[in-house]
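A structural walkthrough
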Amino acid sequence: MPQLPPDENKKRELAEILKLLASKPGRISIPAVERLAKGMGLECYKEDADTPGVTRLSLAAKIFLLDIEHSGNKIVRVQLDFGSTAGQSGGLAPQAAAIFRKNLVPEPKIPGRTALFTPSLSDFSDNLNRLYRTDKLSTSLNCFTAITGIYQSLQKIYEYERDNMGGEITALCFGSGRPRMHIRGKVGLSIDYWKERRALSNKSEEGDSSEEGQRLWRVLIEVEEVPPDFGTMGISSITPVRATSHWVSDEVKKPKEDNLFGDIEELTTDWLEPPLEDVMDVAGDPSQSRPPSARFVARLDPPVVLPWHEEHAIHPNLMLGPDGQLENLILPNVSENESIYRRVYVPHSTSTSGRDENEEGILHRYQLQNSHLKPVVGRRVSEIPFSHPRDLLKIFQVLRQFALLTTLLESCFVSPGSLEPPPQPAEKDNKVDVLDDLNSFLQDDGAMDDESMSSNALPVDIMLEPEHSFGLRIVFPNKSSSIANLQLQVGRNAELKLRTSSTEEARNDSSVGVDTDAIKKALRASEDIGLVLEWIRQQQ
């Protein structure tokens, strides 16, 4: 490529810088909000509010109107209105307005301390853009009504499953998920489908207060424009948006038609099939009709790494190739056979020498081994289009499987110690500390090197086994110096299956000395491989 003249180079660099700056929403201020809204295509109006000294900035689309009342850059009130939109959009609007207000008046990261820099407008921009996309696609039908219609149907199913399946956590993690509107910083419909350490959750507690600090997996239900290539090629299996709340019957469940056990009544969700609404290109002429140009899409929060063939089974018309090898996508900073050291703090753990290991933690050395001949390729999935809410259950079963598999791997290679170390002893005199550190340095020739760490650490080899059902093979030494082998399979809906063996099994007809059901229960409760291995070793 020929070199451009210096002036042309500068112009191109300046154009790239301006393009980058234009893509950034900027920092929180009323002028930045107005500039952001105009850039999206919203109409902006300013007028005096009812309160003296307060100005109202109105951001208007076809369907919604967002009013921001402010005095200077101080936000006084935020109000959202969906006009005459059918369904629950209007009744739920105050919850969405509260999120927009929180975006504009964020809480300080350190309570009681003012931030040095004005926070970014990115959260407000993300939520406003989500509303505007939904509004923009509401050309032939109201997409806000379509989304709240899904919410109403899924809420009906969730309440039934919560009351009949054993509580909120069971319905969330094994049923059709928990639908929420305008929650945890996101405007719109979200469905929680997985929760970390679900077995430790208090089933009697509901609401956000009992979930603070806990990791939740969810999908955000949105609409998007149908790609033009899908329609012209006739390969799309995704039907367009339907604006209805009648996705499920009033009874919610019905007996299975192919029930093999006559004495046990198996129930399944009684889904309905709403008719597809056509858009008439010529008013009054049904022959000149076409389906709506929007479809439902589930955006994953957070994204989940899936094997490519699993994603292709969910979305057969996927035209994207894999991103890379599955292990590298799940653990991007860990290379094959690399040693990762981690201290595991286990209460009431005592070594053979009588020293309380809880004081220093038990050092583990993890290595990720490659046990399969054919590499498994995958993708980091961030969105999945769908036609009907019933499609989500199949999607959730796969997402739960690989969310748990990822969590188990991260417990070894990403996360720090699973339990906090014990409290430090009272501070000693600084001079004594300095002498202790100097003596330690002179005796050990500095910090512990890799060879010393390796000799003192418990070696744990972990292999990903994609055959039959995705799982892990975990190899580690027992306290009796034999080698234990755990074969852990993670199936649909994060169902665990476990086989154990050891080098002593042939001699004394034992495996690892702990019942497999107890190990599975421990894994469900902690979702931490290192912690469970130490618990197994304590039982021996």
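Above this text is the structure in question.
Please read these numbers as outputs of a predicted model, since none were measured by experiment.

The next thing to look at is the pattern of salt bridges. When the charged atoms of two side chains lie near each other, side chains of opposite charge can form a pair. Applying the stated criterion across every chain yields a total of 32 salt bridges. Via salt bridges that share partners, Asp126, Arg130, Arg133, Lys186, Glu222, Glu224, Arg295, Arg299 and Glu383 belong to a single interconnected network.

This part covers the sheet that holds strand E6 (residues 186–195). Strand order in the open sheet made by the six strands is E5-E6-E7-E12-E16-E13, with antiparallel pairing throughout. Each edge of the sheet is formed by a strand with only one pairing partner; in this case those strands are strand E5 (178–183) and strand E13 (324–325). One ladder, built from two bridges, connects E13 with strand E16 (residues 377–386); its direction is antiparallel. Residue pairing in the sheet places Gly324 in a bridge with Gly378 of E16. Most of the contacts of helix H3 (residues 89–104) go to E5, to which it runs at about 60°, and overall it touches E5 and E6. Sheet contacts for helix H4 (residues 122–136): E6, strand E7 (216–225) and strand E12 (294–307); angle to E6, the most-contacted strand, approximately 105°.

Where burial is concerned, most of E5 is hidden: six out of the six residues are buried. Direction of pairing for E5 relative to E6: antiparallel, over a ladder of five bridges. Paired with Arg180 across the bridge in E6 is Ser190. Between E5 and E6, which pair antiparallel and follow one another directly, the connecting turn spans two residues, one of which, Arg184, has a positive phi of 50°.

Structurally, the position occupied by Ile221 is in strand E7. Relative accessible area serves as the criterion here: at 2%, Ile221 is assigned to the buried category. In sequence terms Ile221 and Ile150 are 71 residues apart; their C-alpha atoms lie 8.9 Å from each other. Residue contacts for Ile221: discarding those within four places in its chain leaves Ile147, Ile150, Leu189, Ile191, Val297, Ala298, Phe386 and Leu392.

Calculation criteria
- Residues numbered from 1 in each chain as written.
- Predicted model: local features only at pLDDT ≥ 70, side-chain atom pairs only at ≥ 80, totals over all residues.
- Heavy atoms only, no water.
- Salt bridge = Lys/Arg side-chain N within 4 Å of Asp/Glu carboxyl O.
- Pairing = 2+ DSSP bridges.
- Helix = DSSP H or I, 4+ residues; strand = E, 2+ residues; numbered from the N terminus.
- Contact = heavy atoms within 4.5 Å.
- Axes fitted to C-alpha atoms, helices over the stretch in contact; angles between N-to-C directions.
- Buried < 20%, exposed > 50% of the residue type's maximum accessible area, 1.4 Å probe, protein only.

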